[in-house]
Amino acid sequence: MLENADVEEATFFLSASWAERYPELATSIHDRGYTIGNHGYQYKSYDTWDQTKVSQDIQRGQQVLTEFAEEKPVLLRPPNGAFNQEVLGIAEKQGLSIIHWSVDSKDYQNPGTDQIIKNVLEQTTAGDVILFHASDTVKQTDKALPDIIKGLRDNGFTFSSIESLMTGAEPESSEVK
């Protein structure tokens, strides 16, 4: 779908167990040049697990996704967006940057195509990371995406991977006294 809409850059955070169930889709995402990020192996909230279990889940995700991406993912989106200081430390030790979204399409609620479009178009500003889902229970995202892509383009937005956003960022900072 993104390829047909001339969206050349995007980041897909894949649960490794999902990638194992749908290897042709995971391979297709990589083959189309999109970035694959780690979404863990199981889809369980890391902030409720002990550190060993979190570390093992991330490592298993890395192993599986490296096979599809042909390189180790460097980005992690913890399942449910749930993380704490311990998870941040584990990710850092494994060479991963934790990524969170800034605009939630709420497509997982299946609120209707028009509502998904509204959720995205009314909230998005420059540099936002928009959250969408690909799962068996999310039924309306594919129908909403063409209108979202057109609407964002009509508002002057372009599309990029998270890595491109990170490398193209020019942060402003000043010393805190």
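Rules used in this analysis
Residues numbered from 1 in each chain as written. Predicted model: local features only at pLDDT ≥ 70, side-chain atom pairs only at ≥ 80, totals over all residues. Heavy atoms only, no water. Helix = DSSP H or I, 4+ residues; strand = E, 2+ residues; numbered from the N terminus. Buried < 20%, exposed > 50% of the residue type's maximum accessible area, 1.4 Å probe, protein only. Polar contact = N/O pair within 3.5 Å; in protein donor to acceptor, adjacent residues only side chain to side chain. 1 Å grid on protein atoms, 1.4 Å probe; cavity = no way out; pocket = protein on both sides within 12 Å on 5 of 7 lines; lining within 4 Å. Points joined across faces, edges and corners; volume = space filled by probe spheres on them. Arc of directions from axis to C-beta. Contact = heavy atoms within 4.5 Å. UniProt positions renumbered as here; feature names shortened; annotations may be inferred.

You'll find the protein entered in an unreviewed UniProt entry as Polysaccharide deacetylase family protein, with Alkalicoccobacillus plakortidis given as the organism.

A separate point is the environment of T48. Mapped onto the fold, T48 is located in the loop between β2 (35–38) and α3 (51–69). A relative accessible area of 61% means that T48 is categorised as exposed. Between the C-alpha atom of T48 and that of N84, which follows or precedes it by 36 residues, the distance is 9.5 Å. At 2.8 Å, the side chain of T48 forms a polar contact with the backbone oxygen of S45.

Taken as a whole, the second largest pocket spans an internal volume of roughly 160 Å³. Along its surface, the second largest pocket is lined by H30, Y34, T35, I36, A69, E71, K72, P73, V74, L75 and E163.

Before going further, it helps to spend a moment on helix α4 (residues 85–93). Of all the positions in α4, only V87, I90 and A91 are classed as buried. One face of α4 carries all of its buried residues, which in axial projection span an arc of 100°. Residues of α4 that are exposed and angled more than 90 degrees away from the buried face: Q85, E92 and K93. Considering only its buried residues, α4 is in contact with α3, β3 (75–76) and β4 (97–98).

Per the UniProt record, "domain: NodB homology" (unreviewed entry) is annotated on residues 1–160. The annotated region residues 1–160 carries 41% helix and 10% strand content, and the separation between its end C-alpha atoms amounts to 15 Å.

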